[in-house]
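Each chain, written out:
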Amino acid sequence: MAGGGGPAPQPKQEELQPHPVKDQLPNISYCITSPPPWPEAILLGFQHYLVMLGTTVLIPTYLVPQMGGGNEDKAKVIQTLLFVAGLNTLTQTLFGTRLPAVIGGSYTYVPTTISIVLAARYNDILDPQEKFQRIMRGIQGSLIVASTLQIVIGFSGLWRNVTRFLSPLAAVPLVALAGFGLYELGFPGVAKCVEIGLPQLILVVIFSQYIPHLVRSERHVFDRFAVIFSVVIVWIYAHLLTVGGAYKNRPQITQTSCRTDRAGLIGAAPWIRVPYPFQWGAPTFDAGEAFAMMAASFVALVESTGSFIAVSRYASATPLPPSVLSRGIGWQGVGILFSGIFGTGNGSSVSVENAGLLALTRVGSRRVVQISAGFMIFFSMLGKFGAVFASIPAPIVAALYCLFFAYVGVAGLGFLQFCNLNSFRTKFILGFSFFMGLSIPQYFNEYRVVNGYGPVHTGARWFNDMINVPFSSEAFVAGLLALVLDVSLHSRDSATRRDRGMHWWDRFRSFKTDTRSEEFYSLPFRLNKFFPSV
């Protein structure tokens, strides 16, 4: 035999076994019910606050100028969105799913909001301030009506009945594309100012993945606080570039993306201001716009379902019982109602980036997210201090998105462990739903970029949004398609049930069939006696 060596030793039988299936994710430092020490919990809560600021600032920055508002209006909308996000996060962690999920602004509502902004009835208003307030009141009315959809579907138990059909197989495309489907918010945002975005991306990877292996420590400082370390370093670097005149003669779009003093928030924000209901005036209602916003609300409901499942995984909790998920959707509807009452200009859904942060820190503690909600409410009232953190350049936020959205996407792929990947039925459902979940939204989004409107283009703008918005969402298309195919394709025989992974989730179909559900998801203050989960 060449080389003179003997035959290779046969592997032991246990080495040939696949990795064991885990209904709770291992290696999480602090699970949903085990809080870290208070100093660490406060720092981790502040880190969650920093991460959710990205969406909270970017959405009003995009919408408010088109509504006719100035920097002062933008600062007030950001404060209001931050205040309502803190309120919604607290209610969700206390009375909703009880998962460590941040409930913040959502890009899903933006196209419908833009349609309201462009409505013909506002074209004759010449005063920018009056136009801003009138449009905001129209958005408020639509959100208030749209909130009833999630409130009814959630609290009536209808969503519980739907999600009982959800198997691990159908959950894979839904959860995966809740993260991967947001790819256009990642590196394209980094590239808008690559000299800031790329160092941020590299540093957060180094701090979270490499340094912990080089510097052995029991305290997990670098990986757990990688966001704070990297953001502070790159923010200072970006500020030095700004004051050093690096962008003095650059195009306006580059200055807006790169400079640390272009947000206009610090000067415009009041020192102390408490957002209050109907601060822009009485809401106005339009039936068509309300229907369009309800369609966006339904898309957000499906996307949030995927995000809730990812959060439960990274909190090292058991799979969500359908009744608990339905309860959480109902409270998310209440959150949209708060958005309409206070006037955030945007609806609410689960923050995907904060779900990814749970994975990065390996801390899924409920208390940490409740502390972050406290920071949101506190800094929404102290306008100047909140504006300092809100002026972080957008490419820094986009670099964080690259990591966090990837973590949420891979949480979906993790459910493949429950499925039989040697089954051609499994291969078809996974492959087809993934491909169409990427391809259909790509067509709708590309069509809109080229033509300025979606493929469905009638005289009724609200009807266009009811069709174009759902089919522009990767998670919605993939999740809906996977669920329909999984349920309709000969799913009744026992072999197929095992291929789908249903036998792993059977004991979580009801709240009371697994004792851990009581530990993770029961309501506080003994409210389960009055509002029992089934």
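About the thresholds
- The residue numbers shown here count from 1 along each chain, following its written sequence.
- Totals for whole chains, interfaces and linings use every residue, but because this is a predicted model, local features are given only for residues with pLDDT of at least 70 and side-chain atom pairs only at 80 or more, for both listing and counting.
- Note that the side-chain values use all heavy atoms of the structure and ignore hydrogens as well as water.
- For our purposes a nonpolar core is just a set of buried Ala, Val, Leu, Ile, Met, Phe, Trp, Tyr and Cys residues, chained together by side-chain atoms within 4.5 Å.
- Buried, partly exposed and exposed residues are distinguished by accessible area as a fraction of the type maximum, computed with a 1.4 Å probe on protein chains only: under 20%, between the cut-offs, and over 50%, respectively.
- Helical segments are the DSSP runs of H or I of at least four residues, strand segments are the runs of E of at least two, and each set is numbered from the N terminus.
- By definition, residues are in contact when any of their heavy atoms lie within 4.5 Å.
- Two cysteine sulfur atoms make up a disulfide if the distance between them is within 2.5 Å.
- The term salt bridge refers to a pairing of a side-chain nitrogen on Lys or Arg with a carboxyl oxygen on Asp or Glu at a separation within 4 Å.
- The criterion for an aromatic pair is that two Phe, Tyr or Trp rings (for Trp, the six-membered ring) have centres within 6.5 Å, with stacked assigned to planes under 30 degrees apart, edge-to-face to planes over 60 apart and tilted to the rest.

## A word on the nonpolar core
Met-67, Phe-308 and Tyr-521 are the most contacted members of the largest nonpolar core, which totals 78 residues. It is helix 13 (residues 287-314) that provides the largest number of residues to this core, a total of 11 residues. Setting aside residues up to four positions removed in sequence, Tyr-521 forms contacts with Thr-97, Arg-98, Leu-99, Ser-312, Ala-317, Thr-318, Pro-319, Leu-320, Pro-321, Val-324, Arg-327 and Phe-511. Of all hydrophobic cores here, the second largest spans 48 residues; its members include Leu-50, Val-231, Ala-238 and Val-369.

## Comments concerning the state of the cysteines
Under the definition given, this model contains 1 disulfide. The disulfide partner of Cys-193 is Cys-258, and the gap between their sulfur atoms is 2.0 Å. Between Cys-193 and Cys-258 the disulfide shows an S-S torsion of about 125°. By sign, it is right-handed. On the criterion of sequence distance, the pair formed by Cys-193 in the loop between helix 7 (187-190) and helix 8 (194-214) and Cys-258 in helix 11 (residues 252-258) is long-range, its members being 65 residues apart. Unpaired in terms of disulfides, Cys-402 finds its nearest cysteine sulfur in Cys-193, a separation of 14 Å.

## Overview of the pattern of salt bridges
Enumeration over the complete set of coordinates arrives at 11 salt bridges. Where Arg-134 meets Glu-130, a salt bridge forms, and the shortest distance between an N and an O atom there is 3.5 Å. Of this pair, Arg-134 and Glu-130 are both found in helix 4 (residues 128-155), 4 residues apart, which corresponds to roughly one turn of the helix. Classification of Arg-134 by relative accessible area gives partly exposed; the value is 32%.

## Notes on the packing of aromatic side chains
Using the criterion set out here, one finds 33 aromatic pairs in the structure. Centre to centre, the rings of Phe-375 and Phe-379 are 6.2 Å apart; their planes meet at 10°, and the pair counts as stacked. Note that Phe-375 and Phe-379 are positioned in helix 16 (residues 366-381) at a spacing of 4 residues, about one turn of the helix. Phe-379 sits in the buried class, given a relative accessible area of 10%. The interplanar angle of 70° and the centroid separation of 5.4 Å between the aromatic rings of Phe-379 and Phe-389 together place this pair among those described as edge-to-face. You can see Phe-379 sitting in helix 16 and its partner Phe-389 sitting in helix 17 (residues 383-390), a full 10 residues away along the chain. Each residue in the set Phe-46, Tyr-49, Phe-375, Phe-378, Phe-379 and Phe-389 is aromatic and connected to the rest through ring pairs, giving one cluster.

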